[in-house]
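Each chain is listed here by its residues.
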Amino acid sequence: MLVGVPKEIKDNEFRVGMTPAAVAELVHHGHAAIVEKGAGVGSGSPDEEYARAGAILVATAEEIFARAEMVVKVKEPLAHERRLLRPGQILFTYLHLAPDLPQTRDLIASGAICIAYETVTDAHDRLPLLTPMSEVAGRLAPQVGAHALEKAQGGRGVLLGGVPGVAAANVVILGGGVSGAHAATIAVGMGANVTVVDRSHDALRRLAAQFGSALKTVYSTRASIADLVGEADLVIGAVLLPGAAAPKLVTRAMLATMRTGAVIVDIAIDQGGCCETSKPTTHSNPTYVVDGVVHYCVANMPGAVARTSTFALNHATLPFTLALADKGWRDALKEDPHLRAGLNVCEGKLTCAPVAEAHGLEAVSPDAALG
Ligand SMILES: NC(=O)c1ccc[n+]([C@@H]2O[C@H](COP(=O)([O-])OP(=O)(O)OC[C@H]3O[C@@H](n4cnc5c(N)ncnc54)[C@H](O)[C@@H]3O)[C@@H](O)[C@H]2O)c1
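Residues numbered from 1 in each chain as written. Predicted model: local features only at pLDDT ≥ 70, side-chain atom pairs only at ≥ 80, totals over all residues. Heavy atoms only, no water.

Asks: Teacher, can you tell me more about the site of the ligand here?
Replies: For the ligand, the set of nearby residues contains 27 residues, the closest of which are S134, S179, D198, D270 and M301. At a separation of 2.8 Å, an oxygen atom of the ligand approaches a polar backbone atom of V178. Between a nitrogen atom of the ligand and a main-chain N or O atom of V298, the distance comes to 3.2 Å. Elements with a contribution of two residues or more to the shell around the ligand: α6 (131-148), α7 (178-189) and β8 (193-198). Looking at the shell around the ligand, the element that brings in the most residues is α6, giving three residues. For the shell around the ligand, the per-class residue count stands at 15 nonpolar, nine polar and three charged. (Near = heavy atom within 4 Å. Polar contact = N/O pair within 3.5 Å; in protein donor to acceptor, adjacent residues only side chain to side chain. Helix = DSSP H or I, 4+ residues; strand = E, 2+ residues; numbered from the N terminus. Nonpolar A, V, L, I, M, F, W, Y, C, P; charged D, E, K, R; others polar.)

Written as structure tokens, this is what we have:
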């Protein structure tokens, strides 16, 4: 199969759909890859590495879309890219169609086979192609929180780990799932006093077993959150109700009880955020202050560490990319129910029920679409 990797064109997106190592695997499987010149530069992989991996470098995205049987990307195709898609072409990338009717319409009209990273499942009902980005965002959260706590950034001038004779910062993590557990790993490592709040007993037990006395676990109630937030230097929002808006666990009234210069890093901002006062921000202007509390609400945190994120994403996507190339999309999707769960649009038909529901459109099941 001829697989194409265009350069990402979304604002401030430096990741790339395939690393040189992933391209080398593809070539080893007997396939060919065309990569747009400069596609990997933002994540630290120059063109020469792709050439050494066996890729053919081409000048434009137009050529990639015109020639490739499968296009592997990171972000959803923008309007310009959507116009380049062809009937029967495979598109494998994050799509996030539920809030995006124009993209949904364009992908249906394209006749392409569009498989979304974010709806691919695994045997434990998890989302394996979303997990690596939650891991990245979770591990990044204490780092950006520590920076925001610096005086010059508007924070209260507290060092996360303290020093001998001076107390460490209090870090409260709301949600102890993937991103929360990874945030805890880094915050504990930095020497902070860390408390994780969750309403899942399993999550709390897992964390207690993993960290022992290095971390406190607290059951999530309004009262427990109000108490902890009042004493916190850094609050990390890492909750998720799958498919739904994040619950507003930190209210505006709670902000008044917080320390001046305390910081909230709301990872859950991509689902609306778990603080009433959270609104999305960008890497170029990541924070703002409400009632003396610094808010960091960047909706694409992994973009800040494009290289780490690209490698983590590729490790998760590569087995699926290879299956699609080796078997062809129809057989690969028929054989693997988890990859099939990623099928959002197939040859002019919408095949993802939640997306159809979000837009009031008709959907057919992936099974029906595959015949
Ligand atoms: N901002 C970014 O760049 C970025 C990057 C990656 C992921 N995310 C987002 O981070 C959020 C968390 O993702 P995840 O993969 O860690 O989810 P997850 O499902 O692994 O964990 C969520 C946790 O929240 C807990 N929870 C739910 N309701 C709660 C409540 N009322 N009180 C306390 N805990 C509660 C759940 O029990 C679960 O343990 C998601 O919205 C995800 O999309 C954002």
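Moving on from the model shown.
Asks: Hey, could you run me through the nonpolar core in this one?
Replies: Note on soluble globular proteins: their nonpolar side chains tend to be buried together. Judged by nonpolar contacts, the single largest core of 41 residues is most densely connected at M18, F92, I115 and L339. In terms of residue count, the dominant contributor to this core is helix α11 (residues 306-327) (seven residues). Contact partners of L339, with chain neighbours within four places excluded, come to F92, I115, V120, F320, L324, A332 and L333. A141, L149, A181 and I267 belong to the second-largest nonpolar core, a separate cluster that totals 31 residues. (Core = buried A, V, L, I, M, F, W, Y, C linked by side-chain atoms within 4.5 Å. Buried < 20%, exposed > 50% of the residue type's maximum accessible area, 1.4 Å probe, protein only. Contact = heavy atoms within 4.5 Å.)

Asks: I tried to follow unusual backbone geometry on my own but got confused; where do I start?
Replies: As a rule of thumb, non-glycine residues mostly have phi less than zero, and peptide bonds are mostly trans rather than cis. Backbone geometry places D125, a non-glycine residue, at a positive phi of 65°. Topologically, D125 is positioned in the loop between β6 (113-116) and α6. By relative accessible area, which is 71% here, D125 ends up exposed. One non-glycine residue, D291, adopts positive backbone phi at about 50°. Among the structural elements, D291 can be located in the loop between β12 (287-290) and β13 (293-296).

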